[in-house]
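Commentary on secondary and tertiary structure
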Amino acid sequence: MINRILIRIKVVQMLYAYMLTRSEFRIQNAPETASRDSKYAYSLYTDLLLLMLELSGYNVQPGKGNEKIVKGVDPKLSSTRMAKALFADNDIKGLILRSSSHISDYDHIAQRLHDAIVDSTAFKDYKRKRSVELSDDVRMWCAVLNTVIANDTALVEILRENPDFTTVGMKKAFAMTSDTLLGYNDTRSAYSSARNDLDRSLDKAYELYNSIFALIIELTRLQSERLEAAKGKYLATPEDLNPNTRFIDNALAMRLERDERLQEYIEANKISWSDDPVLIRSLLDEILKSKFYEEYMAAPSTDFAADCEFWRNALRYVIFESDTFAEALENSSLFWNDDLSIMGTFVLKTIRQISYDPDGSAGVTMLPQYKDEEDSEFGPELFATAVTNFEQYRSYIDRFLNTEQWDSERLAFMDIVVMVCAITELINYPEIPLAVTMNEYVEIANTYSTNRSGQFVNGILFSVANYLREEGIISKQ
C-alpha cells in the first residue's frame, strides 16, 4: 500500500524538480549591442509587459503608492493565472522597482484600453468559459495585445512621440511580447510532464511491492534448479541425490507462485528477475550462508508460520541489506531506492498477515495500491495546489525569516519546497492534524535536505501555523 508518508516524499521530489526547471516566462534580456530598432523594441517590450499588468489591476508604479490607474478592473481580467505569474516573475519585479520603463506615459489612456479589452470579442468569449485553462489565458491576451492594444490610435501616437521610435521596432516589440506569453503557455507541457512523473513514481512504488514477492518466487525456482542439477552430477553425493527440500517446498513461496492476482500483475507489468542472474545467484548464496537458513533447515519440523517467518528474515537481514540489491533497484528504477524502506515494510506486514491464514482460505491477500480513493487523489491534488499557490505560500515563509541570519535568496531550495508542501497541506487539508503535517515534513527535510534543515523548517512552520490561525486561514490546533 502506498501511504501518505511516501506520497508526501514523492510530491516534494517532483515539486522540487519541476520548480527548478520551470521557467514561467522567457523575459528577454536587453541587447548589449544592437541597432536602433532592436533597442527601441526592447524598451517598448518591457512597457507592454507592465502595461498588461496595469490593465489587469496591478500596481506597477511604486511612486504612486496604492493609487489605481485603472478603476473597476474586471475581476475576470485580474484573476488570470498568467497575470498573477507575470507579476510574481523576478525580472518583472526588477523592472517595477527600477522604474526604468515609460509606463506612466500611458496613464491617461489606460482606463480606455481596459474598457476596450473588456468589450472585445476575445475577452467576452474568454469570460463565458466555465472552466478556464492556462492556454485560454494566453490565447485571450495574445488576441487583445495584437488587436485592441496594437491598433489603438492614441497608443500609437504616444509611441511616435518617443524620439527613439521606429515602426520596425514597434512591430518587433509586439512580436517579442507575444513570444513571451506563448512561452508561458509552453510551461504547461513541463507541468504535465511533472504530473505524469508523479503518477509514474507512485505506480513504480507499487510495482516494487509486487516485485519483491516475485523475487521470492525466483529465488525458490533457482534453488530448485540447483538441487535438480546436483542429482545429475557424475559423482553425486547422497546429499545431492536426496537433498533437504524444505527451502523449495516453502509453503509461502508455493502460495505466491499459485496466486492468480499476483501472477496477473507480474505478467501485465513484465516483472522479471531472471534478466539479472548474477543478482539472483548472489542473493541466494547469501541466504544459504545465513544463520537463520541453517536453523530453518535443521529444525525437526516446520509449519506455515515458520515458512513465512523464514522469508521475513531473508528479506530483512539479507535482501534489504544487500548493496547488490540496492544497485539493482537503482538500475531498474530511479525511484526504487527511496521507495524500499516503505514498500519493504509493507511486504513484511503482508507476509505476517498471510501467516495468520495457514490453510490458505483467504488466498494471498495483497495490499491494494491505495487504501481508498481519497489517498489515490492526495498526491496529485497536493502537487497541483502547491504549484498554483507557490508564490503565496513562499511569502508566508519569507515573513518569518530572520534576515540577520538568513537570506531568503540563499535558502536551500529543498527547504523552501518542503515548507511550501507543508503549508499547502496545513491550509487545504483541515482533516489532517497539524502535528502530523509538521512532523512528516520536518522528517522529510532531515532526510532530503541539509543537516540543519529539520530544526529550521520546524521553526518556520511553527510561526507560519500560528500566523495562519491568527488570520483565520486555518483553525486546527
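All values derive from a computational prediction rather than experimental measurement. (Residues numbered from 1 in each chain as written. Predicted model: local features only at pLDDT ≥ 70, side-chain atom pairs only at ≥ 80, totals over all residues. Heavy atoms only, no water.)

**Points about the overall build of the chain**
- In terms of regular secondary structure, the chain is built from 23 helices and zero strands.
- C-alpha extents for the chain along the principal axes are approximately 105 × 50 × 45 Å.
- Sorting the 477 residues of the chain into buried and exposed places 50% on the buried side.
- Intrachain contacts of the chain at a sequence separation of at least 6 include 81% that bridge at least 24 residues.
- Working note: accessible area of the chain is about 23800 Å², and carbon and sulfur atoms make up 48% of it.
- Looking at charge distribution, the chain has the averaged site of its 52 positive side-chain charges lying 4 Å from that of its 73 negative ones. (Helix = DSSP H or I, 4+ residues; strand = E, 2+ residues; numbered from the N terminus. Buried < 20%, exposed > 50% of the residue type's maximum accessible area, 1.4 Å probe, protein only. Contact = heavy atoms within 4.5 Å. Areas by Shrake-Rupley, 256 points an atom, 1.4 Å probe, with all protein chains shown as cover. Lys, Arg positive; Asp, Glu negative; His and termini not counted. Charge placed at Lys NZ, Arg CZ, Asp CG, Glu CD.)

**Here we look at the nonpolar core**
- Grouped together as the largest cluster of nonpolar side chains are 110 residues, with contacts concentrated most on Leu15, Ile287, Trp311, Ile319, Phe325 and Phe383.
- Examining the composition of this core, we find that 17 residues originate from one element, helix H10 (residues 167-231), more than from any other.
- Setting aside residues up to four positions removed in sequence, isoleucine 287 forms contacts with Leu219, Phe247, Phe292, Tyr293, Phe310, Trp311, Ala314, Val318 and Ile319.
- Counting residues in hydrophobic clusters, the runner-up holds 54 residues, among them Leu50, Leu95, Val144 and Ala154. (Core = buried A, V, L, I, M, F, W, Y, C linked by side-chain atoms within 4.5 Å.)

**Structural notes on the side chain of serine 355**
- With respect to the secondary-structure elements, serine 355 resides in helix H18 (residues 336-355).
- Of the residues examined, serine 355 reaches a relative accessible area of 15% and is grouped as buried.

**Focus: unusual backbone geometry**
- Unlike most non-glycine residues, lysine 270 shows phi in positive territory, near 50°.
- Checked against the element boundaries, lysine 270 lands in the loop between helix H13 (260-268) and helix H14 (277-288).
- The class of lysine 270 is exposed, set by a relative accessible area of 73%.

**Concerning a negative patch on the surface**
- A grouping of Glu321, Asp323, Glu327 and Glu330 is seen on the molecular surface, where their side chains present a negatively charged patch.
- On the secondary structure map, aspartate 323 appears in helix H17 (residues 323-332).
- What makes aspartate 323 exposed here is its relative accessible area of 68%. (Patch = residues over 30% accessible without salt bridge, like charges linked within 9 Å, V, L, I, M, F, W, Y side chains within 5 Å. Salt bridge = Lys/Arg side-chain N within 4 Å of Asp/Glu carboxyl O.)

**Concerning helix H12 (residues 251-258)**
- Within H12 the residues assigned to the buried category are Leu252, Ala253, Arg255 and Leu256. Buried residues along H12 cover an arc of 165° about the axis, so they all sit on one side.
- For H12, the capping residue at the N-terminal end is asparagine 250, with a side-chain oxygen 3.0 Å from the backbone nitrogen of leucine 252. (Arc of directions from axis to C-beta. Polar contact = N/O pair within 3.5 Å; in protein donor to acceptor, adjacent residues only side chain to side chain.)

**Things to note about the packing of aromatic side chains**
- In the structure shown here, the tally under the stated rule is 24 aromatic pairs.
- The interplanar angle of 15° and the centroid separation of 5.6 Å between the aromatic rings of tyrosine 206 and tyrosine 209 together place this pair among those described as stacked. Placement of both tyrosine 206 and tyrosine 209 in helix H10 is noted, with a separation of three residues, approximately one turn of the helix. One exposure class covers both tyrosine 206 and tyrosine 209, and it is buried.
- Here the aromatic rings of tyrosine 206 and tyrosine 265 are separated by 5.6 Å at their centres, their planes lie at 85°, and the arrangement is edge-to-face. Note that tyrosine 206 is positioned in helix H10 and tyrosine 265 in helix H13, a separation of 59 residues in sequence. (Phe/Tyr/Trp six-rings, centres within 6.5 Å; stacked < 30°, edge-to-face > 60°.)

**Some remarks on empty space enclosed by the protein**
- Tallying each qualifying case throughout the model produces one cavity of 30 Å³ or more.
- Space inside the largest cavity adds up to approximately 70 Å³.
- Taken together, Glu54, Gly57, Tyr58, Asn59, Val60, Gln61, Lys64, Glu67, Lys68, Ile69 and Val70 make up the full set of residues lining the largest cavity.
- The class makeup of the residues in the lining of the largest cavity is four nonpolar, three polar and four charged. (1 Å grid on protein atoms, 1.4 Å probe; cavity = no way out; pocket = protein on both sides within 12 Å on 5 of 7 lines; lining within 4 Å. Points joined across faces, edges and corners; volume = space filled by probe spheres on them. Nonpolar A, V, L, I, M, F, W, Y, C, P; charged D, E, K, R; others polar.)

**Considering helix H9 (residues 153-161)**
- Of all the residues in H9, the buried ones are Ala154, Leu155, Val156, Ile158 and Leu159.
- One side-chain oxygen of the residue at the start of H9 lies 3.2 Å from the amide nitrogen of alanine 154, identifying that residue as aspartate 152.

**A few points about the packing of helix H20 (residues 390-399) against helix H23 (residues 453-470)**
- Closest axis-to-axis distance for the H20/H23 pair is 9 Å, and the angle between their directions is 110°. Classified by the angle between their axes, H20 and H23 sit roughly perpendicular to one another. Only Ile460, Val464, Tyr467 and Leu468 of H23 make contact with H20, whose side of the interface consists of Tyr396, Ile397 and Arg399.
- Of the residues in the contact of H20 with H23, the class split is six nonpolar, no polar and one charged. (Axes fitted to C-alpha atoms, helices over the stretch in contact; angles between N-to-C directions. Parallel < 35°, antiparallel > 145°, perpendicular 65-115°, else oblique.)

**Considering the pattern of salt bridges**
- This structure, assessed with the given rule, holds 23 salt bridges.
- With its nearest N and O atoms 2.6 Å apart, the salt bridge here joins arginine 4 to aspartate 375. Of this pair, arginine 4 sits in helix H1 (residues 4-21) while aspartate 375 sits in helix H19 (residues 373-388); the two residues are 371 residues apart in sequence, bridging distant segments of the chain.
- With relative accessibility at 6%, the residue aspartate 375 sits in the buried group.
- Residue arginine 226 pairs with aspartate 285 through a salt bridge whose shortest N-O separation is 2.9 Å.

**Focus on the environment of proline 380**
- Looking at where proline 380 falls in the secondary structure, it is placed in helix H19.
- As a C-alpha pair, proline 380 and glutamate 443 span 63 residues in sequence and 21 Å in three-dimensional space.
- Proline 380 has contacts with Arg195, Leu198 and Asp199, leaving out every residue within four places of it along the chain.

**Thoughts on the environment of valine 318**
- By the element assignment, valine 318 lies in helix H16 (residues 304-319).
- Separated by 11 residues in sequence, valine 318 and leucine 329 have C-alpha atoms that sit 15 Å apart.

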